Each structure stands twice: as C-alpha cells, then as structure tokens.
Amino acid sequence: MNSSRHRHAVLSALAVLITAAGCSSADDSASAAVPRPDAKVTELCQNLDKALPATVDGESRDDPEPASELTAGWGGVAIILRCGVERPPKMADPKVANGRDADAVPGGVNGVDWLMETRDDDMQRFTTANREAYVEVEVVDGRDSTGVLIDLAPALQKAIPEGIAF
C-alpha cells in the first residue's frame, strides 16, 4: 500500500472513531468527579450512599460514572450528589453570611443547613453546612430544588452527623 492510500485509510478509520464517539456521548449519561476524603468522611459517605432514596423529586436513581459510593444521581444529569467534597470558598465568605452575595445564600431545608450557589453553567449547587462531611448537590437550573432538598434531608440527617467538617 502506498503512503497516500495508507494515510487515507488511517484518516477514514479516525473519522469513523470520532463519529462513533460523538454518537455514544450524546445520551443523558452523567459523569461526576469522585471526591477523595479521608477515611472518616469516606465511611460517613458510604453510610449516606446506603441511606439515599431510590427517587428524588420524581427522578429515579441513575448514578453517574465512574461508579462510586461517594457519588449518586437521579434523572441523568438532573440531580448529582457528591459526598466528601472540599468546603466551598463561599462558605467562609463574610459577604455570604451577611446576605450581600447575590450568587450565594445560606439556608436550611427540613433540618439540613445548606450553602446555595448559583453557577454560570446552568446549575445550582447546594453544599451542606454544619455536618461532619460536606455533601454537594448539583441541580439543573430551572428545576425547583426544594423537592430535591426535602427528599435528601432524611438520608443526610441519618448518615452525616451534625458538626464541623474539616
């Protein structure tokens, strides 16, 4: 085979691979970075994974990739939970505590305190406060997050004790 034909064959094969990869990523599969907490927080997160509900705000559990006891999801990309995340910088920002940050607000739902942040990528991020592990929940923007937080509250109260996460 001459080099021109070989190059054409390689480029054709590459085009097929790119097309196939593009088609396979067009589904609603979610992915989430897996946190790397210490052993104590990992154990709390494993307990949370066992306590999480099968449905949240009407969405069936559909965990993101890669599979981990530290992540969970419902409805594809609609609701993603990550346990054992780092403390968000806004949690220590005095502007947030004083209500002077339009993109971050502290609040509580059914006995669980949250830092609620609006992000630029069409997501709302909620991070637990006053618990021994930080748990982050991302909700697609435009979705009423109240039902999400209400449905997750019992599992969080059961598995992640009140206290200060380090």
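Preceding this paragraph is the structure being described.
This report concerns the structure included in the present document. Since this is a predicted model, take the numbers as computed values, not measurements. (Residues numbered from 1 in each chain as written. Predicted model: local features only at pLDDT ≥ 70, side-chain atom pairs only at ≥ 80, totals over all residues. Heavy atoms only, no water.)

On to helix 4 (residues 146–159). Each turn of an α-helix holds 3.6 residues, which means side chains three or four residues apart point in the same direction. Along its 14 residues, helix 4 runs 20 Å from first to last C-alpha, staying within 8% of the 20 Å computed at 1.5 Å per residue. Its maximal kink placed at A153, helix 4 deviates by approximately 35°, while the proline P154 follows within four residues. Taken as a whole, helix 4 has its buried residues at G147, V148, L149, L152, A153, A155, L156 and A159. (Helix = DSSP H or I, 4+ residues; strand = E, 2+ residues; numbered from the N terminus. Expected span 1.5 Å × (residues − 1). Bend = angle between axes of the 7 residues up to and from the residue. Buried < 20%, exposed > 50% of the residue type's maximum accessible area, 1.4 Å probe, protein only.)

This part covers the sheet that holds strand 7 (residues 123–129). Reading across the sheet, the six strands line up as 3-4-8-7-6-5 and stay open at both edges, with antiparallel pairing between neighbours. A single partner strand is all that each edge strand has here, and the edge strands are strand 3 (71–74) and strand 5 (104–109). Looking at each pair of strands side by side, their axes are set apart by 20° on average, direction ignored. In the sheet, strand 5 pairs with strand 6 (residues 112–118) via six bridges, with the strands oriented antiparallel. Residue pairing for strand 6: A104 is matched across the bridge by E117. Helix 4 contacts strand 3, strand 4 (79–83), strand 5, strand 6, strand 7 and strand 8 (135–140) of the sheet and is inclined by roughly 135° relative to strand 6. (Pairing = 2+ DSSP bridges. Axes fitted to C-alpha atoms, helices over the stretch in contact; angles between N-to-C directions. Contact = heavy atoms within 4.5 Å.)

The next subject is the packing of helix 2 (residues 39–51) against helix 4. Taken N-terminus to C-terminus, the directions of helix 2 and helix 4 make an angle of 140°; their axes are 9 Å apart at the nearest point. When the axes of helix 2 and helix 4 are compared, the crossing they make is right-handed. Facing L44, N47, L48 and A51 of helix 2, the residues of helix 4 in contact are A155, L156, K158 and A159. When the residues that make up the contact of helix 2 with helix 4 are grouped by side-chain class, the tally is six nonpolar, one polar and one charged. (Left-handed = near helix turned anticlockwise from the far one by under 90°. Nonpolar A, V, L, I, M, F, W, Y, C, P; charged D, E, K, R; others polar.)

Inside soluble globular proteins, nonpolar side chains tend to come together where they are buried. Ranked by size, the top nonpolar core spans 29 residues in total, and within it L48, L81, V137, L152 and I160 carry the most contacts. Sorting the residues of this core by element identifies helix 2, strand 3, strand 4, strand 6, strand 8 and helix 4 as the ones contributing at least two each. The element that contributes the greatest number of residues to this core is helix 4, accounting for seven residues. Beyond its immediate sequence surroundings of up to four residues, L152 is in contact with L52, P53, V56, W74, L81 and V137. (Core = buried A, V, L, I, M, F, W, Y, C linked by side-chain atoms within 4.5 Å.)

As a further point, take the pattern of salt bridges. Side-chain pairs of opposite charge can arise whenever the charged atoms involved come near each other. Counted according to the given criterion, the structure contains nine salt bridges. A salt bridge links R143 to E59; its shortest N-O distance comes to 3.3 Å. Placement of R143 in the loop between strand 8 and helix 4 and of E59 in strand 2 (residues 59–60) is noted, with a sequence separation of 84 residues between them. By relative accessible area, R143 is classed as partly exposed at 21%. Given the relative accessible area of 25%, E59 is considered partly exposed. Where E138 meets R119, a salt bridge forms, and the shortest distance between an N and an O atom there is 2.3 Å. Here the residue E138 occupies a position in strand 8, and R119 occupies one in the loop between strand 6 and strand 7, the gap between them amounting to 19 residues. Residues joined by salt bridges that share partners form a network here, namely D49, R61 and D63. (Salt bridge = Lys/Arg side-chain N within 4 Å of Asp/Glu carboxyl O.)

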